[in-house]
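Each chain, written out:
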Amino acid sequence: MNRDWVDKDFYQTLGVGKSSPPEEIKRAYRKLARLYHPDANPGDQTKAEKFKEVSEAYSVLSDPERRKEYDDVRRLVESGGYRHFPGAGSGPGGPFGGQVNLEDLLGGMGGFGDLFGRAGRQAGARKGADLTAELRLTFEESLQGVTKSIAVKGPAPCRDCRGTGARAGTHPETCPTCSGQGTTVQNQGFFSFSRPCPHCQGSGRTIKDLCPGCRGTGARHRTRRVRVRVPPGVKDGGRIRIRGRGAPGRSGGPAGDLVVGVEVERHPLFERNGKHLNLVLPLTYAEAALGATLEVPTLNGPVKLRIPPGTPNGKTFRLRGRGAPARKGKAGDLLVEARVEIPRRVSKQQRRLLESLAALDRKDIRSHFEVKA
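Analysis parameters
- Residues numbered from 1 in each chain as written.
- Predicted model: local features only at pLDDT ≥ 70, side-chain atom pairs only at ≥ 80, totals over all residues.
- Heavy atoms only, no water.
- Helix = DSSP H or I, 4+ residues; strand = E, 2+ residues; numbered from the N terminus.
- Buried < 20%, exposed > 50% of the residue type's maximum accessible area, 1.4 Å probe, protein only.
- Contact = heavy atoms within 4.5 Å.
- Areas by Shrake-Rupley, 256 points an atom, 1.4 Å probe, with all protein chains shown as cover.
- Pairing = 2+ DSSP bridges.
- Phe/Tyr/Trp six-rings, centres within 6.5 Å; stacked < 30°, edge-to-face > 60°.
- Lys NZ or Arg CZ within 6 Å of the ring centre and 35° of its normal.
- Expected span 1.5 Å × (residues − 1).
- Arc of directions from axis to C-beta.
- Polar contact = N/O pair within 3.5 Å; in protein donor to acceptor, adjacent residues only side chain to side chain.
- Patch = residues over 30% accessible without salt bridge, like charges linked within 9 Å, V, L, I, M, F, W, Y side chains within 5 Å.
- Salt bridge = Lys/Arg side-chain N within 4 Å of Asp/Glu carboxyl O.
- Axes fitted to C-alpha atoms, helices over the stretch in contact; angles between N-to-C directions.
- Core = buried A, V, L, I, M, F, W, Y, C linked by side-chain atoms within 4.5 Å.

On a plain count of helices and strands, the chain comes out with 9 helices and 16 strands. Of all 373 residues assigned to the chain, the portion counted as buried reaches 37%. Long-range pairs, those at least 24 residues apart, make up 64% of the contacts in the chain between residues at least 6 apart in sequence. Accessible area for the chain stands at about 22600 Å²; split by element, carbon and sulfur atoms hold 50% of it.

And the structure:
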């Protein structure tokens, strides 16, 4: 459980409600991202910080598992439940028989121990924030898979100090106050509290000579290229999470993740329906009535399709294995819908032939009714 979530209201950051569906959250994020993006506000540090807040909020709320975990934290915070725990006695005669470390007590309560940090772990070490980026793919690329390089703007490891925060040629040192633990223990009656070390602010290390480029943070805002491997069959609106390619962690913490949103261009012929593809095949009246063998486009080149005589408008033909590739199992099918096209304009010769055909059709229909009668 991330302790940073205690003081952050991601729903308020995006301007959405707690019960908002994923589509509404995505729309709100895209609107705010365009408003605060550094490219649209060069040199405006305030909007750059707002962009990072919006990106962090979306990275959590767009992930169902992380959103559920975040909601649990917020419910605990809003109810005040994180301040109370039953069964705590006082003095040596209490039910615990002596002094109790509060973090150890909370550590046995599921995931709530992580909300406060446990003794023996560096309290200042924090995972870096998740970053987001957008990737636009062609229809064919989304189905076949591709590896692309995208530009990611945001915090990245400082090139001068390689993320250590210390001037090149020097290294951070172990904090003498906490011996690198990042916490100090303070006794208060029956309980003992583990608090971040005041000398190193919980990082467990000290830097005597700060890096002039990043001022000891170990990170700088810049644009970097990241290669993204897109698996075959990714859908429009899908997300690809790349572990460890987000913002650098603080005080030795791990880097965050890069969440890449996928936008797939529409195809002029095919329409995707899960793992199947739909295609409309235009037919003339003669082809539908007499039958024909036509070439049908597929993702792997044209194939021949036999249209039987008397094919009605809207009949669907199935070409197995010609649809979208599947990550597991067989590929989908191509569903070809026959659509009889009615010409808006006809030549004089076509008109004479159609009038002759219409006279024969009327004669056949009359004969049909006479037989029925």
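Further notes follow.
Bridge count for strand 12 (residues 276-283) against strand 16 (residues 334-340) is 7 bridges, and the pairing is parallel. Looking at strand 16, one finds that N278 is bridged to L335. Note that strand 15 (residues 316-319) and strand 16 share 4 bridges and pair antiparallel. For L319, the partnering residue across the bridge sits in strand 16 and is L334.

Now for the packing of aromatic side chains. What the rule picks out here adds up to 3 aromatic pairs. Relative to Y58, the ring of Y29 has its centre 4.1 Å away and its plane inclined at 10 degrees; by these criteria the two rings are stacked. Taken together, the positions of Y29 in helix 2 (residues 22-36) and Y58 in helix 3 (residues 45-61) put the pair 29 residues apart, joining distant regions of the chain. Over the ring of F317 we find K315, and its NZ or CZ is 5.5 Å from the ring centre.

Between the first and last C-alpha of helix 2 there are 21 Å, a value that for 15 residues agrees with the 21 Å anticipated at 1.5 Å per step. Within the sequence span of helix 2, burial applies to I25, A28, Y29, L32, A33 and Y36. End-on view of helix 2: buried residues confined to an arc of 130 degrees, all on one side of the axis. Away from its buried face, by an angle of more than 90 degrees, helix 2 presents the exposed residues R27, K31 and R34.

Considering the arrangement of structural elements, one finds D130 in the loop between helix 6 (113-116) and strand 2 (131-137). Looking at D130, its side chain comes within polar contact range of the side chain of R66, at 2.3 Å. A polar atom in the side chain of D130 sits 3.3 Å from the side chain of R241. When residues no more than four places from it in sequence are discounted, the contact partners of D130 are S55, E56, S59, R66, R241, G256 and D257.

With that settled, consider a nonpolar patch on the surface. Residues Y285, V346, L354 and L357 make up a contiguous nonpolar surface patch of roughly 320 Å² in combined accessible area. For V346, the location among the structural elements is in the loop between strand 16 and helix 9 (348-372).

The strand order 2-10-9 describes an open sheet built from 3 strands, whose pairing is mixed. Here the strands that pair on one side only, and so sit at the sheet edges, are strand 2 and strand 9 (239-242). Ignoring strand direction, the axes of neighbouring strands in this sheet form an average angle of 25 degrees. By the bridge criterion, 7 bridges tie strand 2 to strand 10 (residues 258-264) in an arrangement that is parallel. Paired with T132 across the two strands is V259, which belongs to strand 10.

Right, let's get into the pattern of salt bridges. Scanning the model with the defined rule gives 21 salt bridges in all. Where salt bridges share partners, they join D63, R66, K127, D130, R241, R243 and D257 into one cluster.

The subject of this paragraph is the pairing of strand 13 (residues 292-296). What you see with strand 13 is a clean split: A292, L294 and V296 sit on the buried side and T293 and E295 on the side with no burial. Sheet topology note: the strand 13/strand 14 (residues 303-307) ladder contains 5 bridges and is antiparallel. Bridge assignment links A292 to a residue of strand 14, and that residue is I307. Between strand 13 and strand 14, which pair antiparallel in sequence order, lie 6 residues; one of them, G301, sits at a positive phi of approximately 105 degrees.

Core analysis: the biggest nonpolar cluster contains 37 residues, and V296 and V336 have the highest contact counts within it. Judged by nonpolar contacts, the second largest core, of 19 residues, contains Y29, V54, A57 and V73.

Helix length check: helix 3 (17 residues) gives 25 Å between terminal C-alpha atoms against 24 Å at 1.5 Å per residue, within 8%. Among the residues of helix 3, those classed as buried are A48, F51, V54, S55, E56, A57, Y58, S59, V60 and L61. For helix 3, the capping residue at the N-terminal end is D44, with a side-chain oxygen 3.2 Å from the backbone nitrogen of T46.

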